[in-house]
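Below, each chain spelled out in residue letters.
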Amino acid sequence: EINRPRGTKYVIVTGGVVSGIGKGVTASSVGMLIKAAGYRVTAIKIDPYINMDAGTMSPFEHGEVFVLDDGGEADLDLGNYERFIDLNLGRDNNVTTGKIYQHVLEKERKGDFLGKTA
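Residues numbered from 1 in each chain as written. Predicted model: local features only at pLDDT ≥ 70, side-chain atom pairs only at ≥ 80, totals over all residues. Heavy atoms only, no water.

Things to note about the environment of Lys 116
Here is step 1 of the chain: Among the secondary structure elements, Lys 116 is positioned in the segment after helix H4 (97–110).
Here is step 2 of the chain: Taking the relative accessible area as the measure of exposure, Lys 116 reaches 64% and is therefore exposed.
Here is step 3 of the chain: In sequence terms Lys 116 and Val 104 are 12 residues apart; their C-alpha atoms lie 13 Å from each other. (Helix = DSSP H or I, 4+ residues; strand = E, 2+ residues; numbered from the N terminus. Buried < 20%, exposed > 50% of the residue type's maximum accessible area, 1.4 Å probe, protein only.)

Here is the structure:
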């Protein structure tokens, strides 16, 4: 029996904002290898753009849109994650700056930051 470390471990694949250099395929491949070793794996894609999702972005600039089971629209990396690692991902597996801004602004409007600067 293999003595595995406990707790959550993270593998982060980064490459700035350069598109098309293989970060998604690399992350998918590493995830598949880790899963094959008997670990539980999931994937999250974090994008710096202000858009809420890839649904309204130009496919010429950002590639085709991949529609997730829950209707979320993401870029094709999430499709690679699903196929390589055999996952079913949802919109929460795709984080954008726009989603974070919206969340913070909704909390501010509800009064969650009363007396504080958000």
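And the narrative resumes.
Focus on a nonpolar patch on the surface
Here is step 1 of the chain: Residues Ile 50, Ile 100, Tyr 101, Val 104 and Leu 105 make up a contiguous nonpolar surface patch of about 480 Å² in total accessible area.
Here is step 2 of the chain: Structurally, the position occupied by Tyr 101 is in helix H4. (Patch = residues over 30% accessible without salt bridge, like charges linked within 9 Å, V, L, I, M, F, W, Y side chains within 5 Å. Areas by Shrake-Rupley, 256 points an atom, 1.4 Å probe, with all protein chains shown as cover. Salt bridge = Lys/Arg side-chain N within 4 Å of Asp/Glu carboxyl O.)

Here's the deal with the nonpolar core
Buried together is how nonpolar side chains tend to be arranged in soluble globular proteins.
Here is step 1 of the chain: Among the nonpolar cores identified, the biggest contains 10 residues, and these are Val 41, Ala 43, Phe 66, Leu 68, Ala 74, Leu 78, Tyr 81, Ile 85, Leu 87 and Leu 89.
Here is step 2 of the chain: Excluding residues that lie within four positions of it along the chain, Phe 66 makes contacts with Gly 72, Glu 73, Ala 74, Asp 75, Leu 76, Leu 78, Gly 79, Glu 82 and Arg 83. (Core = buried A, V, L, I, M, F, W, Y, C linked by side-chain atoms within 4.5 Å. Contact = heavy atoms within 4.5 Å.)

Focus on the layout of surface pockets
Here is step 1 of the chain: By volume, the largest pocket amounts to about 1,600 Å³.
Here is step 2 of the chain: If you trace the largest pocket, you find 46 residues lining it, with Val 11, Ala 27, Ala 43, Ile 44 and Tyr 81 closest to the centre.
Here is step 3 of the chain: Sorting the residues of the lining of the largest pocket by element identifies helix H1 (23–36), strand E1 (45–47), helix H2 (59–62) and helix H3 (76–85) as the ones contributing at least two each.
Here is step 4 of the chain: Partitioning the lining of the largest pocket into residue classes produces 22 nonpolar, 15 polar and nine charged. (1 Å grid on protein atoms, 1.4 Å probe; cavity = no way out; pocket = protein on both sides within 12 Å on 5 of 7 lines; lining within 4 Å. Points joined across faces, edges and corners; volume = space filled by probe spheres on them. Nonpolar A, V, L, I, M, F, W, Y, C, P; charged D, E, K, R; others polar.)

Observations concerning the side chain of Glu 82
Here is step 1 of the chain: Mapped onto the elements of the fold, Glu 82 is located in helix H3.
Here is step 2 of the chain: There is no salt bridge for the buried Glu 82, and the closest opposite charge comes from Arg 83, which lies 6.3 Å off by N-O distance.
Here is step 3 of the chain: Residues within four places of Glu 82 in sequence aside, it is in contact with Phe 66, Leu 68, Leu 87, Asn 88 and Leu 89. (Lys, Arg positive; Asp, Glu negative; His and termini not counted.)

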